Amino acid sequence: MDLKAIVRENIWKLKPYSCARDEFDGEASIFLDANENPFNEPICRYPDPLQLELKEELSKLRGVAEKQIFVGNGSDEVIDLLFRIFCEPGVDNYIAINPTYGMYKVQADINNVEYRSVDLDHNFNLIAERVLDQVDSNSKIIFICSPNNPSGNILNRDQIKVILDSFNGVVVVDEAYIDFASEPSFCEELSNYSNLLVMQTMSKAWGLAGARVGMAYGSSDIIELFNRVKFPYNVNLLSQRAAVDMLRKRDQVEDWIKSIVEQREWMRGELLLLPMTINVYPSDSNFLLVKSLKASEIFTELLKRGIVVRDRSKVVLCDDCLRITIGTEDENQQLISVLKEII
Ligand SMILES: *Cc1c(COP(=O)(O)O)cnc(C)c1O
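Residues numbered from 1 in each chain as written. Predicted model: local features only at pLDDT ≥ 70, side-chain atom pairs only at ≥ 80, totals over all residues. Heavy atoms only, no water.

Help me get a handle on the site of the ligand, residues and values and all.
Taken together, 13 residues form the shell around the ligand, and within it Y177, T201, S203, K204 and R212 come nearest. Separating an oxygen atom of the ligand from a side-chain N or O atom of T201 is a distance of 2.6 Å. One nitrogen or oxygen atom from the side chain of S203 is found 2.7 Å from an oxygen atom belonging to the ligand. Top contributing element to the shell around the ligand by residue count: helix α5 (residues 74-86), with three residues. In terms of residue class, the shell around the ligand is built from four nonpolar, five polar and four charged. (Near = heavy atom within 4 Å. Polar contact = N/O pair within 3.5 Å; in protein donor to acceptor, adjacent residues only side chain to side chain. Helix = DSSP H or I, 4+ residues; strand = E, 2+ residues; numbered from the N terminus. Nonpolar A, V, L, I, M, F, W, Y, C, P; charged D, E, K, R; others polar.)

Dropping the structure here:
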């Protein structure tokens, strides 16, 4: 892929802000370079702009070089940067599957980038050819969310590779839920595809939604562009520490994942026994998409009893569907008993 050909010209030419900590390099014990207040350690200090300690942990976890890792203020920041780096407002377009995560379109709309939507099939499978049919010379990004939100399923690996092989732009594989899936991450394909960008987050399996830490893994050339365009101190000090701590507690996280996956399968069984259930779709995530009779009424009845799920019944291909996150064993049991009561 010819990166220069797909990057906005102003971004290609951008001379980034150089912050105090960028210009200093080496060991020091007295920091008089950044006009900080010295009396409130550690939070009085600006955070590491390149989050090197955190990237070291991520690198060990995913087997990806540190210079191929970007860390942002949630995946939200990664998505916004993608549009700002690659898409000329009012000119370029991007393609995303439908139904999928709603944030791509919001960020694109903010950046005035045209959306080309491609429906999944009725079982939420990806058809590469349909996606490629939408590509023209102004198509810069294709978003593939796998496991997909709201359907929950992992998408066919070979179909994703067909897209990677044919598209002369960035193919984003959003793996927010990959830790709940039985298939490996696309990170292992990074050396085969210079146009691949894998997005992950610490908001789901890693239990850090409140800290806002999202990652992108890609070629070092793409990651360098991200680093140039981001706010200098985009991930705050407390969040960097929380993320590093969590990555050093992998046993804990693996226990959580195991419990959530077990509970998911228990919930599937229970939901299938309910008379209103039409279908529970296969899930590689920490949620289930459930097609049900009277979905909207059930949603409202649950709310009256203090339980909030996501009503997806107005979404393409998701008529009569609720999306239910897997909670603790106790929460899941309460949900099922309330659903039995509602009948
Ligand atoms: C939850 C979710 C994210 C996570 O976003 P953050 O901004 O990192 O919290 C990203 N992509 C998808 C598809 C999601 O469902």
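So, next bit.
Break down the environment of M246 for me, citing the residues and quoting the values.
Mapped onto the elements of the fold, M246 is located in helix α10 (residues 237-247). The sequence separation of M246 and N73 amounts to 173 residues, and the corresponding C-alpha distance is 16 Å. Apart from residues lying up to four places away in sequence, M246 is in contact with M202, W206, L208, V253 and W256. (Contact = heavy atoms within 4.5 Å.)

Pulling in residues and values, what's your account of the packing of α5 against helix α9 (residues 220-229)?
Across the interface, α5 lies against α9 with an axial gap of 10 Å and an inter-helix angle of 100°. Relative to α9, the element α5 lies roughly perpendicular. Contacts from V78, L81, L82, R84, I85 and F86 of α5 reach α9 at I222, L225, F226 and V229. For the contact of α5 with α9, the class distribution of residues is nine nonpolar, no polar and one charged. (Axes fitted to C-alpha atoms, helices over the stretch in contact; angles between N-to-C directions. Parallel < 35°, antiparallel > 145°, perpendicular 65-115°, else oblique.)

Residues and numbers for the environment of A20, please.
Inspection of the secondary structure puts A20 in helix α3 (residues 20-23). Among the residues examined, A20 registers a relative accessible area of 24% and is labelled partly exposed. Residues A20 and N40 lie 20 residues apart in sequence; the distance between their C-alpha atoms is 19 Å. (Buried < 20%, exposed > 50% of the residue type's maximum accessible area, 1.4 Å probe, protein only.)

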